[in-house]
Amino acid sequence: MHFTALDTPALCVDLAVLEKNIADLQNACDQLEIPLRVHTKTHKTPAIARKQIAAGAIGIVSQKLGEAEAMAAGGIADILIPYNIVGQPKLARLTRLIKNGPSTITVAADSAATVEGLSQAATAEECTIRVIVEMDTGGGRVGTQSPADTLAIAQHIDQLPGLDFIGVMTYPSNERVRPFLDEVRDLTSQAGLPLHIISGGGTGSEEISKSLGCTETRIGSYAWEGMTRVGKREDLNPARCPLRMIVTVVSTSRPGQAIVDAGMKAFTSYPPIPHGYCLEYPEVFFKGMSVEHGHIDTTSSDHAFTVGETLSFIPLHGGMTTNLHDRLYAIRNGEVVEEWEVAGRGRAQ
């Protein structure tokens, strides 16, 4: 079936572009000799994660436990959850995920309260939880605030029953991390705590992660954006952005405007407004959106848009857009060849 025959709005992915993005970053990491751990919050799709691992990635990152559950159910064997797992409901799910296997699960923590909760859950369920310490090296979000704090949490993990101290992580990887990380290495070495994992992260961070001595780099946005982050509509490039929102023109009653059947609930209301790049007519653009209508400015185009016409747009924020859709249609040379479940979408718990 040709993609223009899909019921719209339909979120598609161009396989040739996606596969090139996967290969390009994997090759870059292989040349640097730094293992790649891919972040799945961008695509939330086990089928794509399996492609990334087949290309050479060592495992995945899932920011939320729910997404990790979806990825484990999809056959992913090595999952890092770089998030503080807090509260009895989540701890019960975490231990169940670990015990059910076959995935290797690692979680992050930055406080005594979090690791003590993990220990209590692991002890009660007679399992072992692998834990790394998240460090705040400039992100200003979560993480230990000093190398001494990092050591203290690492020692606490090492001493508590049911826990296995694995290493440390930081985000984002940049040069300001170096003094902090060097001191952490010294302190943990003196304390006899080996760092099996030193995880760096951020799109485009593979070189600095290698320079810092990280054992892996966590990157995810590249799947939808190639090797460069997208910041505005003009940066959207069909040669490196594989997402395609297929829409149908439903009204042309107002001069200089075409209305399509996809609005904020399809493209996301991510600020300032959800722009996209039209593959067929790049000169047109979204001038606004309502909840279910996309308002396209057609004044710069010589094309006469008609009701029923199909258009393709690259969404500006691929990750946010993907989280609104249950299915992804994989296309090659314009033909739909596979249909994938976006199993991690909406898994915010």
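Parameters at a glance
- Residues numbered from 1 in each chain as written.
- Predicted model: local features only at pLDDT ≥ 70, side-chain atom pairs only at ≥ 80, totals over all residues.
- Heavy atoms only, no water.
- Pairing = 2+ DSSP bridges.
- Helix = DSSP H or I, 4+ residues; strand = E, 2+ residues; numbered from the N terminus.
- Right-handed = clockwise from strand over helix to strand, strands pointing away.
- Phe/Tyr/Trp six-rings, centres within 6.5 Å; stacked < 30°, edge-to-face > 60°.
- Buried < 20%, exposed > 50% of the residue type's maximum accessible area, 1.4 Å probe, protein only.
- Axes fitted to C-alpha atoms, helices over the stretch in contact; angles between N-to-C directions.
- Contact = heavy atoms within 4.5 Å.
- Salt bridge = Lys/Arg side-chain N within 4 Å of Asp/Glu carboxyl O.

Peer 1: Just checking my understanding: could you explain the pairing of strand β4 (residues 78-81) for this structure?
Peer 2: It is a general feature of regular strands that their side chains alternate between the two faces of the sheet. Note: strand β3 (residues 59-61) against β4, two bridges, orientation parallel. Pairing of V61 across the sheet is with L80, part of β4. Read as a crossover between parallel neighbours, the route from β3 over helix α3 (residues 65-73) to β4 is right-handed. Bridge count for β4 against strand β5 (residues 104-109) is four bridges, and the pairing is parallel. Across the sheet, the residue bridging to D78 is T104, located in β5. Chirality of the crossover, the property in question, places the unit of β4, helix α4 (residues 88-100) and β5 among those that are right-handed.

Peer 1: Is there a simple way to think about the packing of aromatic side chains in this case?
Peer 2: Pairs of aromatic rings are described using the distance from one ring centre to the other and the angle between the two planes. For the structure on display, the rule yields four aromatic pairs. Ring centres of F267 and F286 lie 5.0 Å apart, and the angle between their planes is 65 degrees; this geometry places the pair in the edge-to-face category. Of this pair, F267 sits in helix α10 (residues 264-267) while F286 sits in strand β13 (residues 285-289), and the two are 19 residues apart along the sequence. Residue classification places F267 among the buried residues on the basis of a relative accessible area of 2%.

Peer 1: Help me understand the sheet that holds strand β7 (residues 163-170) in this model?
Peer 2: Sheet strands associate in pairs through backbone hydrogen bonding, adopting either a parallel or an antiparallel arrangement. Spatial strand order, β2-β3-β4-β5-β6-β7-β8-β9: eight strands in a closed barrel with parallel pairing. This sheet shows a mean twist of 30 degrees between the axes of neighbouring strands, independent of strand direction. Pairing analysis gives four bridges linking β5 to strand β6 (residues 129-135), with the strands arranged parallel. Each residue of the ladder has a partner; that of T106, found in β6, is R130. Against the sheet, α4 engages β4, β5 and β6, with an angle of about 150 degrees to β5.

Peer 1: Hey, could you run me through the pattern of salt bridges in this one?
Peer 2: Close approach of charged atoms allows side chains of opposite charge to pair. Within this structure, the stated rule accounts for 14 salt bridges. Two residues, E69 and R347, come together in a salt bridge whose shortest N-O distance is 3.0 Å. Residue E69 is found in helix α3, and its partner R347 is found in the segment after β17 (335-341); the two are separated by 278 residues along the sequence. With a relative accessible area of 31%, R347 lands in the partly exposed category. Among the ionic contacts, a cluster of salt bridges with common partners joins E19, K51 and R332.

Peer 1: I keep staring at the environment of V260 and nothing clicks. Help me out?
Peer 2: Mapping V260 onto the fold places it in strand β11 (residues 257-260). V260 sits in the buried class, given a relative accessible area of 0%. Between the alpha carbons of V260 and V337 there is a distance of 25 Å; along the sequence they are 77 residues apart. With sequence-adjacent residues up to four places away left out, V260 is seen in contact with V247, T248, V249, V250, F286, E292, H293, G294, I296 and L311.

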